[in-house]
Amino acid sequence: MNAQTEIDLDTLHSAITDAIAAAMPTFRSVQSYPSSRTALPLPAAIVDLEDFEAAPDADPGTEQLAVVARFRARVVLGMSTADLQRQVRKAATSLAHVVHLNRWGLPVGPARVTVISPDAFDPELDQYEVWSVEWEQVVHLGASVWQDGILPSEVFVGTEPETGPDHVAAYQAVEGAAP
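The rules we used
- Residues numbered from 1 in each chain as written.
- Predicted model: local features only at pLDDT ≥ 70, side-chain atom pairs only at ≥ 80, totals over all residues.
- Heavy atoms only, no water.
- Pairing = 2+ DSSP bridges.
- Helix = DSSP H or I, 4+ residues; strand = E, 2+ residues; numbered from the N terminus.
- Axes fitted to C-alpha atoms, helices over the stretch in contact; angles between N-to-C directions.
- Contact = heavy atoms within 4.5 Å.
- Phe/Tyr/Trp six-rings, centres within 6.5 Å; stacked < 30°, edge-to-face > 60°.
- Buried < 20%, exposed > 50% of the residue type's maximum accessible area, 1.4 Å probe, protein only.

Visitor: Please clarify how the sheet that holds strand β2 (residues 44-54) should be interpreted in this entry.
Guide: In any sheet, the strands associate via hydrogen bonds between backbone groups, in a parallel or an antiparallel arrangement. Pairing within the open sheet is mixed, and its five strands lie in the order β1-β2-β3-β5-β4. A strand with exactly one partner marks an edge of an open sheet, and here the two such strands are β1 (29-32) and β4 (112-118). Adjacent strand axes in the sheet meet at a mean angle of 20° when their direction is disregarded. Alignment of β1 against β2, held across four bridges, turns out to be parallel. Bridge pairing in β2 places S32 opposite V47. Those strands touched by helix α1 (residues 9-23) are β1, β2, β3 (65-78) and β5 (128-141), and its axis lies near 140° from that of β2.

Here it is in C-alpha cells:
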C-alpha cells in the first residue's frame, strides 16, 4: 500500500491540463476555469472539477477521505471550423482516449470515462460547438497518518467471513515478516 497518496487539488488540475495539452498539441488552449469563456483561442479544452462523492469502498487505510472526483472537459471549436460536426466529435473522442485510465503522474486512481456527448448547457459557450468528456477517479483528501513512515509493530490476519471487531480473537499474528 502506498502511504503517500495525499494530493493537492491545484497540482491535480495542473497535471490534467498539462497532460491534455501535451497529448493534443492542436488545442491552442487547455485551461481550468478560464476567466473568460467568450474569448478563447480555438480549438480549446476547458477542464472543470464538477463534484466529489464519498467512496467508502476505496478507503486507503490511511485515515484520508477517499472520494470519487468527477471531472468534465469541454472540447470547444469555432463555428467556422471546416467539417465542424465531425471534427468536434473526433476531438472529443481523442480527448477521451487521453483521459482513459490516466493517473496524471499522481497517486490517484485511474480515470474512468463515463460520458462523451454534446454539451449545450453553458450559455457562455453558445457561439461555439462544444462536446464534453466526463470522467471520474478516486482521490484521497487530507494527510496520511502513515506519511512519516510509522510502521505497525504487530500484524494480524483474519480470514473472511470471520473478520471485524466480533472476530478479533480468531486473528493470527504474522511472525517475522518485517525486517
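Visitor: Is there a simple way to think about the packing of aromatic side chains in this case?
Guide: The description of an aromatic ring pair uses the distance of the two centres, along with the angle that the planes make with each other. Summed over the entire model, instances satisfying the criterion amount to two aromatic pairs. Arranged with centres 5.3 Å apart and planes meeting at 15°, the rings of F71 and W135 form a pair that is stacked. Taken together, the positions of F71 in strand β3 and W135 in strand β5 put the pair 64 residues apart, joining distant regions of the chain. You can call F71 buried: its relative accessible area is 1%. According to the relative accessible area criterion, W135 is buried, its value standing at 1%. Measuring from centroid to centroid gives 6.1 Å for W104 and W135, while their planes differ by 45°, and the two rings are tilted. One end of the pair, W104, is in the loop between α2 (84-99) and β4; the other, W135, is in strand β5, and 31 residues separate them in sequence. Residue W104 shares its accessibility class with W135, and that shared class is buried. These aromatic residues form a ring-pair network of at least three members: F71, W104 and W135.

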